[in-house]
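# Descriptive structure summary
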Amino acid sequence: MIPGPFSYHRPATVADAVKLLSTLGDEARPLAGGHSLVPMMKLRLASPEHLVDLHGIAGLKGIRRDGNTIVIGAMTTQHELLASDEIGLSLPILDETALLIADPQVRYRGTIGGNVANGDPGNDMPAAMMALNASYRVEGEAGERDIPARDFYQGAYATSLGKGEILTSIRIPAPADGHGYAYEKQKRKIGDYATAAAAVVLTLSGGKCNSAAIALTNVADTPLLATEAAVALICTSLDDTAIAEAARRAQAIAKPTSDGRGPADFRAHVAGVMVKRAIARAGERAA
Ligand SMILES: Cc1cc2nc3c(=O)[nH]c(=O)nc-3n(C[C@H](O)[C@H](O)[C@H](O)COP(=O)(O)OP(=O)(O)OC[C@H]3O[C@@H](n4cnc5c(N)ncnc54)[C@H](O)[C@@H]3O)c2cc1C
(Lines give C-alpha, C1' and ligand atoms only; values in the text may rest on other atoms or scores of the structure.)
Protein backbone atom coordinates (compact mmCIF):
# COMPACT_ATOMS: atom_id res chain seq x y z
CA MET A 1 0.00 0.00 0.00
CA ILE A 2 3.03 2.31 -0.25
CA PRO A 3 3.91 3.79 -3.67
CA GLY A 4 7.36 3.35 -5.17
CA PRO A 5 9.74 6.34 -5.04
CA PHE A 6 9.08 9.21 -7.41
CA SER A 7 10.22 12.78 -8.07
CA TYR A 8 7.63 15.52 -7.80
CA HIS A 9 7.45 18.41 -10.28
CA ARG A 10 5.10 21.38 -10.14
CA PRO A 11 5.29 23.41 -13.39
CA ALA A 12 3.62 26.83 -13.59
CA THR A 13 2.68 26.73 -17.29
CA VAL A 14 1.32 24.23 -19.79
CA ALA A 15 4.48 24.71 -21.86
CA ASP A 16 6.67 23.76 -18.89
CA ALA A 17 4.50 20.71 -18.14
CA VAL A 18 4.72 19.58 -21.76
CA LYS A 19 8.48 20.09 -21.77
CA LEU A 20 8.90 18.07 -18.58
CA LEU A 21 6.70 15.23 -19.82
CA SER A 22 8.46 15.13 -23.19
CA THR A 23 11.91 15.18 -21.63
CA LEU A 24 11.21 12.67 -18.88
CA GLY A 25 9.44 10.30 -21.29
CA ASP A 26 7.49 7.19 -20.35
CA GLU A 27 8.57 7.37 -16.71
CA ALA A 28 6.60 10.59 -16.14
CA ARG A 29 2.84 11.01 -15.62
CA PRO A 30 0.64 14.08 -15.19
CA LEU A 31 -0.99 14.25 -11.76
CA ALA A 32 -4.46 15.81 -11.50
CA GLY A 33 -6.79 14.91 -8.60
CA GLY A 34 -4.80 11.75 -7.95
CA HIS A 35 -7.93 9.72 -7.22
CA SER A 36 -7.16 7.11 -9.88
CA LEU A 37 -3.39 7.47 -10.25
CA VAL A 38 -2.43 7.43 -6.56
CA PRO A 39 -4.48 4.30 -5.72
CA MET A 40 -2.82 2.60 -8.72
CA MET A 41 0.59 3.66 -7.39
CA LYS A 42 -0.21 2.40 -3.91
CA LEU A 43 -1.17 -0.96 -5.38
CA ARG A 44 2.04 -0.83 -7.47
CA LEU A 45 -0.06 -1.17 -10.63
CA ALA A 46 1.64 2.06 -11.73
CA SER A 47 5.15 3.10 -10.72
CA PRO A 48 5.95 6.40 -12.47
CA GLU A 49 9.37 7.79 -11.56
CA HIS A 50 8.14 11.37 -12.03
CA LEU A 51 4.81 13.01 -11.21
CA VAL A 52 4.06 16.29 -13.00
CA ASP A 53 1.44 18.00 -10.83
CA LEU A 54 -0.90 20.19 -12.89
CA HIS A 55 -2.33 22.12 -9.92
CA GLY A 56 0.14 25.01 -10.25
CA ILE A 57 -0.97 25.87 -13.80
CA ALA A 58 -3.36 28.82 -13.89
CA GLY A 59 -5.86 28.59 -16.72
CA LEU A 60 -6.48 24.84 -16.55
CA LYS A 61 -9.48 25.42 -14.30
CA GLY A 62 -12.85 26.98 -14.97
CA ILE A 63 -15.98 26.81 -17.07
CA ARG A 64 -16.83 29.35 -19.75
CA ARG A 65 -19.00 29.76 -22.81
CA ASP A 66 -17.32 30.51 -26.12
CA GLY A 67 -20.19 31.23 -28.53
CA ASN A 68 -22.13 28.00 -28.80
CA THR A 69 -19.40 25.96 -27.15
CA ILE A 70 -18.96 25.29 -23.44
CA VAL A 71 -15.30 25.05 -22.49
CA ILE A 72 -14.34 23.20 -19.31
CA GLY A 73 -10.74 23.41 -18.07
CA ALA A 74 -9.16 20.01 -17.51
CA MET A 75 -8.41 20.70 -13.82
CA THR A 76 -12.01 21.61 -13.00
CA THR A 77 -13.20 19.26 -10.25
CA GLN A 78 -16.42 17.25 -10.29
CA HIS A 79 -17.55 19.39 -7.34
CA GLU A 80 -16.96 22.60 -9.34
CA LEU A 81 -19.03 21.18 -12.20
CA LEU A 82 -21.88 20.53 -9.79
CA ALA A 83 -21.61 24.09 -8.42
CA SER A 84 -21.69 25.69 -11.88
CA ASP A 85 -24.83 27.49 -13.09
CA GLU A 86 -23.60 27.23 -16.69
CA ILE A 87 -23.37 23.44 -16.46
CA GLY A 88 -26.74 23.18 -14.70
CA LEU A 89 -28.40 25.22 -17.44
CA SER A 90 -26.59 24.05 -20.58
CA LEU A 91 -25.27 20.58 -19.79
CA PRO A 92 -27.42 19.09 -17.03
CA ILE A 93 -26.35 15.56 -18.02
CA LEU A 94 -22.92 16.38 -16.59
CA ASP A 95 -24.48 17.21 -13.21
CA GLU A 96 -26.38 13.95 -13.29
CA THR A 97 -23.23 12.01 -14.21
CA ALA A 98 -20.98 13.77 -11.68
CA LEU A 99 -23.41 13.01 -8.86
CA LEU A 100 -23.10 9.30 -9.64
CA ILE A 101 -19.30 9.37 -9.36
CA ALA A 102 -18.05 8.02 -6.05
CA ASP A 103 -18.77 10.30 -3.08
CA PRO A 104 -18.28 13.99 -2.16
CA GLN A 105 -14.70 13.39 -0.99
CA VAL A 106 -13.67 12.02 -4.40
CA ARG A 107 -15.65 14.68 -6.24
CA TYR A 108 -13.93 17.52 -4.33
CA ARG A 109 -10.56 16.36 -5.58
CA GLY A 110 -11.16 14.38 -8.81
CA THR A 111 -11.02 16.41 -12.02
CA ILE A 112 -12.98 16.20 -15.24
CA GLY A 113 -9.70 16.03 -17.19
CA GLY A 114 -8.39 13.14 -15.10
CA ASN A 115 -11.68 11.32 -15.47
CA VAL A 116 -11.72 11.49 -19.27
CA ALA A 117 -7.95 11.12 -19.84
CA ASN A 118 -7.57 8.13 -17.51
CA GLY A 119 -8.86 5.64 -20.11
CA ASP A 120 -10.50 3.40 -17.49
CA PRO A 121 -13.70 2.02 -19.09
CA GLY A 122 -15.30 2.31 -15.63
CA ASN A 123 -15.02 6.10 -15.64
CA ASP A 124 -18.44 7.69 -16.09
CA MET A 125 -17.70 10.99 -17.85
CA PRO A 126 -16.39 9.56 -21.16
CA ALA A 127 -19.80 8.14 -22.17
CA ALA A 128 -21.49 11.47 -21.39
CA MET A 129 -18.81 13.23 -23.48
CA MET A 130 -19.39 10.86 -26.39
CA ALA A 131 -23.16 11.38 -26.22
CA LEU A 132 -22.58 15.17 -26.20
CA ASN A 133 -20.07 14.93 -29.09
CA ALA A 134 -17.42 16.72 -27.03
CA SER A 135 -13.86 17.17 -28.17
CA TYR A 136 -10.70 17.21 -26.10
CA ARG A 137 -8.11 19.94 -26.63
CA VAL A 138 -4.62 18.61 -26.02
CA GLU A 139 -1.26 20.32 -26.09
CA GLY A 140 2.14 18.83 -26.79
CA GLU A 141 5.50 19.90 -28.17
CA ALA A 142 3.97 20.08 -31.66
CA GLY A 143 1.25 22.48 -30.46
CA GLU A 144 -2.48 22.12 -29.88
CA ARG A 145 -4.98 19.75 -31.46
CA ASP A 146 -8.60 18.72 -30.85
CA ILE A 147 -9.56 15.06 -30.59
CA PRO A 148 -13.25 14.07 -30.73
CA ALA A 149 -14.23 12.13 -27.58
CA ARG A 150 -15.71 9.55 -29.95
CA ASP A 151 -12.21 8.84 -31.37
CA PHE A 152 -10.20 9.17 -28.17
CA TYR A 153 -10.55 5.75 -26.52
CA GLN A 154 -8.49 2.93 -28.01
CA GLY A 155 -8.46 0.27 -25.31
CA ALA A 156 -8.33 -0.08 -21.53
CA TYR A 157 -6.04 2.75 -20.37
CA ALA A 158 -5.06 3.39 -24.00
CA THR A 159 -6.05 6.74 -25.52
CA SER A 160 -5.11 8.95 -28.46
CA LEU A 161 -2.95 11.18 -26.23
CA GLY A 162 0.50 11.39 -27.77
CA LYS A 163 3.83 11.33 -25.94
CA GLY A 164 4.17 14.37 -23.70
CA GLU A 165 0.66 15.67 -24.51
CA ILE A 166 -1.68 16.89 -21.82
CA LEU A 167 -5.40 17.48 -21.99
CA THR A 168 -6.02 21.18 -21.38
CA SER A 169 -9.79 21.55 -21.89
CA ILE A 170 -12.97 19.85 -22.98
CA ARG A 171 -15.11 21.61 -25.57
CA ILE A 172 -18.78 20.74 -25.81
CA PRO A 173 -21.26 22.07 -28.38
CA ALA A 174 -24.26 23.40 -26.43
CA PRO A 175 -27.15 20.99 -26.93
CA ALA A 176 -30.39 22.46 -28.29
CA ASP A 177 -32.67 24.20 -25.79
CA GLY A 178 -35.21 21.71 -24.51
CA HIS A 179 -33.08 18.68 -25.29
CA GLY A 180 -33.69 15.50 -23.31
CA TYR A 181 -30.89 13.84 -21.42
CA ALA A 182 -30.23 11.12 -18.87
CA TYR A 183 -27.36 9.18 -17.37
CA GLU A 184 -28.48 5.88 -15.85
CA LYS A 185 -26.01 3.83 -13.85
CA GLN A 186 -26.40 0.59 -12.01
CA LYS A 187 -23.85 0.10 -9.24
CA ARG A 188 -23.65 -2.26 -6.32
CA LYS A 189 -23.30 0.48 -3.71
CA ILE A 190 -22.47 4.18 -3.33
CA GLY A 191 -18.93 4.80 -4.56
CA ASP A 192 -18.86 1.82 -6.90
CA TYR A 193 -18.05 1.82 -10.59
CA ALA A 194 -20.89 0.88 -12.94
CA THR A 195 -22.07 -2.67 -13.55
CA ALA A 196 -23.28 -0.91 -16.69
CA ALA A 197 -24.39 2.65 -17.43
CA ALA A 198 -25.87 4.59 -20.33
CA ALA A 199 -25.82 8.23 -21.43
CA VAL A 200 -28.58 9.52 -23.72
CA VAL A 201 -28.98 12.94 -25.34
CA LEU A 202 -31.90 13.52 -27.73
CA THR A 203 -34.23 16.10 -29.18
CA LEU A 204 -37.91 15.93 -30.12
CA SER A 205 -39.78 17.94 -32.69
CA GLY A 206 -43.55 17.64 -33.08
CA GLY A 207 -43.47 14.64 -30.74
CA LYS A 208 -40.93 12.76 -32.90
CA CYS A 209 -37.29 12.15 -32.13
CA ASN A 210 -35.11 14.04 -34.60
CA SER A 211 -31.68 13.50 -33.04
CA ALA A 212 -30.28 11.00 -30.58
CA ALA A 213 -26.94 9.83 -29.21
CA ILE A 214 -26.40 6.91 -26.86
CA ALA A 215 -23.14 5.84 -25.19
CA LEU A 216 -22.31 3.05 -22.75
CA THR A 217 -19.99 2.82 -19.73
CA ASN A 218 -18.02 -0.21 -18.48
CA VAL A 219 -19.28 -2.87 -20.85
CA ALA A 220 -16.16 -3.12 -23.04
CA ASP A 221 -12.49 -2.10 -22.99
CA THR A 222 -13.59 1.42 -23.96
CA PRO A 223 -16.74 3.49 -23.61
CA LEU A 224 -18.99 2.67 -26.57
CA LEU A 225 -21.00 4.92 -28.87
CA ALA A 226 -24.17 2.95 -29.68
CA THR A 227 -24.78 4.45 -33.10
CA GLU A 228 -27.26 1.87 -34.41
CA ALA A 229 -29.23 2.01 -31.17
CA ALA A 230 -29.65 5.77 -31.59
CA VAL A 231 -30.76 5.33 -35.23
CA ALA A 232 -33.61 3.10 -33.98
CA LEU A 233 -35.12 6.14 -32.24
CA ILE A 234 -35.11 8.59 -35.15
CA CYS A 235 -38.58 9.58 -36.43
CA THR A 236 -40.28 7.62 -33.64
CA SER A 237 -42.32 8.99 -30.74
CA LEU A 238 -40.04 7.02 -28.36
CA ASP A 239 -42.76 4.41 -28.05
CA ASP A 240 -42.09 1.12 -26.27
CA THR A 241 -41.23 -0.70 -29.51
CA ALA A 242 -38.61 1.87 -30.51
CA ILE A 243 -37.09 1.93 -27.04
CA ALA A 244 -36.94 -1.88 -26.90
CA GLU A 245 -35.23 -2.02 -30.31
CA ALA A 246 -32.68 0.64 -29.29
CA ALA A 247 -31.93 -1.27 -26.08
CA ARG A 248 -31.57 -4.54 -28.02
CA ARG A 249 -29.08 -2.92 -30.42
CA ALA A 250 -27.10 -1.36 -27.57
CA GLN A 251 -26.99 -4.63 -25.68
CA ALA A 252 -25.72 -6.37 -28.83
CA ILE A 253 -22.53 -4.27 -28.90
CA ALA A 254 -21.87 -4.58 -25.15
CA LYS A 255 -18.96 -6.97 -24.55
CA PRO A 256 -18.33 -6.84 -20.80
CA THR A 257 -16.14 -9.31 -18.96
CA SER A 258 -17.38 -11.32 -16.01
CA ASP A 259 -16.18 -9.77 -12.76
CA GLY A 260 -17.28 -9.00 -9.22
CA ARG A 261 -20.18 -7.01 -10.66
CA GLY A 262 -21.65 -10.11 -12.30
CA PRO A 263 -21.29 -12.52 -15.20
CA ALA A 264 -20.81 -11.01 -18.66
CA ASP A 265 -24.32 -11.84 -19.93
CA PHE A 266 -25.89 -10.24 -16.85
CA ARG A 267 -23.82 -7.07 -17.28
CA ALA A 268 -24.80 -6.87 -20.98
CA HIS A 269 -28.44 -7.30 -19.95
CA VAL A 270 -28.04 -4.47 -17.43
CA ALA A 271 -26.66 -2.28 -20.23
CA GLY A 272 -29.91 -2.82 -22.15
CA VAL A 273 -31.97 -1.96 -19.08
CA MET A 274 -29.94 1.22 -18.48
CA VAL A 275 -30.47 2.26 -22.11
CA LYS A 276 -34.24 1.74 -21.82
CA ARG A 277 -34.45 3.79 -18.65
CA ALA A 278 -32.22 6.54 -19.97
CA ILE A 279 -34.21 6.93 -23.20
CA ALA A 280 -37.51 7.00 -21.33
CA ARG A 281 -36.26 9.66 -18.90
CA ALA A 282 -34.61 11.71 -21.65
CA GLY A 283 -37.92 11.60 -23.56
CA GLU A 284 -39.85 12.85 -20.53
CA ARG A 285 -37.40 15.71 -20.09
CA ALA A 286 -37.37 16.80 -23.74
CA ALA A 287 -39.56 19.82 -24.28
C1 LIG B 1 -13.28 5.36 -3.95
C2 LIG B 1 -13.30 5.84 -5.37
C3 LIG B 1 -14.42 5.62 -6.13
C4 LIG B 1 -14.47 6.06 -7.46
N5 LIG B 1 -15.62 5.85 -8.19
C6 LIG B 1 -15.69 6.34 -9.44
C7 LIG B 1 -16.86 6.20 -10.22
O8 LIG B 1 -17.87 5.64 -9.79
N9 LIG B 1 -16.87 6.71 -11.47
C10 LIG B 1 -15.80 7.37 -12.00
O11 LIG B 1 -15.87 7.83 -13.13
N12 LIG B 1 -14.67 7.51 -11.29
C13 LIG B 1 -14.59 7.02 -10.04
N14 LIG B 1 -13.42 7.18 -9.32
C15 LIG B 1 -12.26 7.80 -9.98
C16 LIG B 1 -12.29 9.31 -9.84
O17 LIG B 1 -13.37 9.86 -10.55
C18 LIG B 1 -10.96 9.92 -10.34
O19 LIG B 1 -10.91 11.20 -9.79
C20 LIG B 1 -10.80 10.02 -11.84
O21 LIG B 1 -10.86 8.75 -12.44
C22 LIG B 1 -9.43 10.57 -12.23
O23 LIG B 1 -9.39 11.96 -12.06
P24 LIG B 1 -8.23 12.62 -11.22
O25 LIG B 1 -8.35 14.08 -11.38
O26 LIG B 1 -8.26 12.07 -9.86
O27 LIG B 1 -6.94 12.12 -12.05
P28 LIG B 1 -5.58 11.40 -11.62
O29 LIG B 1 -5.86 10.23 -10.75
O30 LIG B 1 -4.62 12.41 -11.13
O31 LIG B 1 -5.09 10.91 -13.08
C32 LIG B 1 -5.71 9.82 -13.74
C33 LIG B 1 -4.94 9.53 -15.03
O34 LIG B 1 -5.16 10.56 -15.99
C35 LIG B 1 -3.92 11.21 -16.32
N36 LIG B 1 -4.24 12.65 -16.38
C37 LIG B 1 -4.87 13.37 -15.44
N38 LIG B 1 -5.08 14.62 -15.87
C39 LIG B 1 -4.56 14.69 -17.12
C40 LIG B 1 -4.48 15.72 -18.10
N41 LIG B 1 -4.98 16.93 -17.90
N42 LIG B 1 -3.87 15.43 -19.28
C43 LIG B 1 -3.38 14.19 -19.53
N44 LIG B 1 -3.45 13.17 -18.64
C45 LIG B 1 -4.03 13.42 -17.46
C46 LIG B 1 -2.94 10.87 -15.19
O47 LIG B 1 -1.61 10.87 -15.64
C48 LIG B 1 -3.42 9.46 -14.84
O49 LIG B 1 -2.89 8.53 -15.75
C50 LIG B 1 -13.36 6.74 -8.01
C51 LIG B 1 -12.20 6.97 -7.23
C52 LIG B 1 -12.17 6.51 -5.92
C53 LIG B 1 -10.94 6.76 -5.10
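The structure this text deals with has already been given above.
Residues numbered from 1 in each chain as written. Predicted model: local features only at pLDDT ≥ 70, side-chain atom pairs only at ≥ 80, totals over all residues. Heavy atoms only, no water.

### Concerning the overall build of the protein
- Looking only at helices and strands, the protein has 12 helices and 14 strands in total.
- By the compact-globule yardstick of 19 Å for 287 residues, the protein fits well, its C-alpha radius of gyration being 19 Å.
- The principal-axis extent of the C-alpha atoms belonging to the protein is close to 55 × 45 × 35 Å.
- Buried positions account for 53% of the 287 residues belonging to the protein.
- Here the contacts in the protein between residues at least 6 apart in sequence split such that 62% fall between residues at least 24 apart.
- Accessible surface, the protein: about 12700 Å² in total, of which carbon and sulfur atoms supply 52%.
- Positive and negative side-chain charges of the protein, numbering 29 and 31 respectively, have mean locations separated by a distance of 3 Å. (Helix = DSSP H or I, 4+ residues; strand = E, 2+ residues; numbered from the N terminus. Rg over C-alpha atoms; globule rule 2.2 N^0.38 Å. Buried < 20%, exposed > 50% of the residue type's maximum accessible area, 1.4 Å probe, protein only. Contact = heavy atoms within 4.5 Å. Areas by Shrake-Rupley, 256 points an atom, 1.4 Å probe, with all protein chains shown as cover. Lys, Arg positive; Asp, Glu negative; His and termini not counted. Charge placed at Lys NZ, Arg CZ, Asp CG, Glu CD.)

### Regarding helix H11 (residues 240-253)
- Its 14 residues place the ends of H11 20 Å apart at the C-alpha level, agreeing with the 20 Å of an ideal helix rising 1.5 Å per residue.
- Listing the buried residues of H11 in full gives Ala242, Ile243, Ala246, Ala247 and Ala250. Burial along H11 is one-sided: seen end-on, the buried residues are contained in an arc of 130 degrees. Facing away from the buried side of H11 by over 90 degrees, the exposed positions are Asp240 and Thr241.
- Here the buried face of H11 lies against strand E13 (208-217), helix H10 (227-231) and helix H12 (264-285).
- With a side-chain oxygen positioned 3.2 Å from the backbone nitrogen of threonine 241, the residue opening H11 is aspartate 239. (Expected span 1.5 Å × (residues − 1). Arc of directions from axis to C-beta. Polar contact = N/O pair within 3.5 Å; in protein donor to acceptor, adjacent residues only side chain to side chain.)

### A closer look at the site of the ligand
- With respect to spatial proximity, 29 residues lie near the ligand, and among them Pro30, Gly34, Ser36, Thr111 and Asp124 are the closest.
- Glycine 34 is positioned with one of its backbone polar atoms (N or O) 2.7 Å from an oxygen atom of the ligand.
- Here lysine 185 contributes a side-chain N or O atom positioned 2.9 Å from an oxygen atom of the ligand.
- Relative to its unbound accessible surface of 970 Å², the ligand loses 91% to contact with the protein.
- At a threshold of 2 Å from the grid points, most atoms of the ligand map onto the largest pocket. (Near = heavy atom within 4 Å. 1 Å grid on protein atoms, 1.4 Å probe; cavity = no way out; pocket = protein on both sides within 12 Å on 5 of 7 lines; lining within 4 Å. Sits in = over half its atoms within 2 Å of the grid points.)

### What about the sheet that holds strand E12 (residues 196-205)?
- Spatially, 4 strands are ordered E11-E12-E13-E14 in an open sheet, and the strand pairing comes out antiparallel. Two strands in the sheet have a free side with no partner beyond their single neighbour: strand E11 (180-186) and strand E14 (224-225).
- Set on the sheet, H12 makes contact with E11, E12 and E13; between it and E11 the angle comes to about 150 degrees. (Pairing = 2+ DSSP bridges. Axes fitted to C-alpha atoms, helices over the stretch in contact; angles between N-to-C directions.)

### Digging into the pairing of strand E2 (residues 28-31)
- Strand direction decides the pairing type here: E2 and strand E3 (residues 50-53), joined by 4 bridges, are parallel. Note on E3: the bridge partner recorded for arginine 29 is leucine 51.
- A crossover links E2 with its parallel partner E3, the connecting element being helix H2 (residues 37-42), and its sense is right-handed. (Right-handed = clockwise from strand over helix to strand, strands pointing away.)

### What about the pattern of salt bridges?
- In this structure the tally under the stated criterion is 19 salt bridges.
- Of the charged contacts in the structure, one is a salt bridge between arginine 137 and aspartate 146, with a shortest N-O distance of 2.8 Å.
- With relative accessibility at 40%, the residue aspartate 146 sits in the partly exposed group.
- Residue glutamate 184 pairs with arginine 281 through a salt bridge whose shortest N-O separation is 2.8 Å. Separated by 97 residues along the polypeptide, glutamate 184 in strand E11 and arginine 281 in helix H12 bring together distant segments of the chain.
- The class for arginine 281 is partly exposed, based on a relative accessible area of 22%.
- If you follow the salt bridges from partner to partner, you end up with Arg188, Asp192, Asp259, Arg261 and Arg267 in one network. (Salt bridge = Lys/Arg side-chain N within 4 Å of Asp/Glu carboxyl O.)

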